[in-house]
Amino acid sequence: MRTRTTAAAITGAALLLALVGCSSEPDDKPEDKPSRTTSTATAAPEAAAQACSDEVYAHISAGNQLGADEPRPDACTNIPEADYLDTLLAITQQVNKNGQDDLEQEIEDAASAAANE
């Protein structure tokens, strides 16, 4: 279950990055984009966002300090600042949630073991 939660969080962070990137342009700008987009054009930013999310998750899960003032992981160097900070926040929240879930499970297991004694 933890793997699914982690995968969902990383996927959610990547989607959040994609949505934030799409919504950052002003609405009054004339439409100069081609009417048809290719899958490679959208795949590269999503792959970069996923790689950044994975590396941030690995750093934070290992207990390494990673903050706005810390050097970015290598996979995140080409990510815009706002997107990187959103990823950092989302992954930190997910790692914290996973830790809370693990602690709650340990408490439940201990209470169950104590009740069976």
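Residues numbered from 1 in each chain as written. Predicted model: local features only at pLDDT ≥ 70, side-chain atom pairs only at ≥ 80, totals over all residues. Heavy atoms only, no water.

Novice: What is the right way to look at the overall build of the protein in this model?
Specialist: Counting its regular elements, the protein contains 3 helices and 0 strands. In the protein, the succession of α and β elements from N to C terminus is α-α-α. The buried share of the protein, taken over its 117 residues, is 21%. Pairs at least 24 residues apart make up 68% of the contacts formed inside the protein by residues separated by at least 6 positions. When the accessible surface of the protein is split by element, carbon and sulfur atoms take 55% of a total near 8,300 Å². (Helix = DSSP H or I, 4+ residues; strand = E, 2+ residues; numbered from the N terminus. Buried < 20%, exposed > 50% of the residue type's maximum accessible area, 1.4 Å probe, protein only. Contact = heavy atoms within 4.5 Å. Areas by Shrake-Rupley, 256 points an atom, 1.4 Å probe, with all protein chains shown as cover.)

Novice: Can you walk me through a negative patch on the surface in this structure?
Specialist: Taken together, the side chains of Glu104, Glu106, Glu108 and Asp109 define an acidic patch exposed on the protein surface. You can see Glu104 is positioned in helix α3 (residues 81-116). Since its relative accessible area comes to 46%, Glu104 is described here as partly exposed. (Patch = residues over 30% accessible without salt bridge, like charges linked within 9 Å, V, L, I, M, F, W, Y side chains within 5 Å. Salt bridge = Lys/Arg side-chain N within 4 Å of Asp/Glu carboxyl O. Lys, Arg positive; Asp, Glu negative; His and termini not counted. Charge placed at Lys NZ, Arg CZ, Asp CG, Glu CD.)

Novice: What should I look at first to understand the pattern of salt bridges in this one?
Specialist: Side-chain pairs of opposite charge can arise where the charged atoms are in close proximity. Tallied over the full model, the rule gives 2 salt bridges. Linking Glu81 and Arg72 is a salt bridge whose minimum nitrogen-to-oxygen distance equals 2.6 Å. Glu81 gets classed as partly exposed once you look at its relative accessible area, which sits at 43%. In this structure, Lys97 and Asp101 form a salt bridge, with 2.7 Å as the shortest nitrogen-oxygen distance. Remark: Asp101 and Lys97 occur in helix α3; sequence separation between them is 4 residues, near one turn of the helix. Judged by relative accessible area, which is 29%, Asp101 ranks as partly exposed.

Novice: Honestly, the nonpolar core in this entry has me stumped. Any pointers?
Specialist: With 11 residues, the main nonpolar core is built from Cys52, Val56, Tyr57, Ile60, Leu66, Cys76, Ile79, Tyr84, Leu88, Ile91 and Val95. Only α2 (39-61) and α3 provide two or more residues apiece to this core. Those residues within four positions of Cys76 in sequence are excluded, and the remaining contacts are Cys52, Val56 and Tyr84. (Core = buried A, V, L, I, M, F, W, Y, C linked by side-chain atoms within 4.5 Å.)

Novice: What is the right way to look at the state of the cysteines in this model?
Specialist: By definition, a disulfide links the sulfur atoms of two cysteines through a covalent bond. The full count for this structure, using the stated rule, is 1 disulfide. Linked covalently through their sulfurs, Cys52 and Cys76 form a disulfide whose S-S length is 2.0 Å. Classification of the bridge connecting Cys52 and Cys76 rests on its S-S torsion, roughly 105°, and on that basis the disulfide is right-handed. Here Cys52, found in helix α2, pairs with Cys76, found in the loop between α2 and α3; they are 24 residues apart in sequence, far enough to count as distant. (Disulfide = S-S within 2.5 Å.)

So yeah, pure geometry; function would need other evidence.
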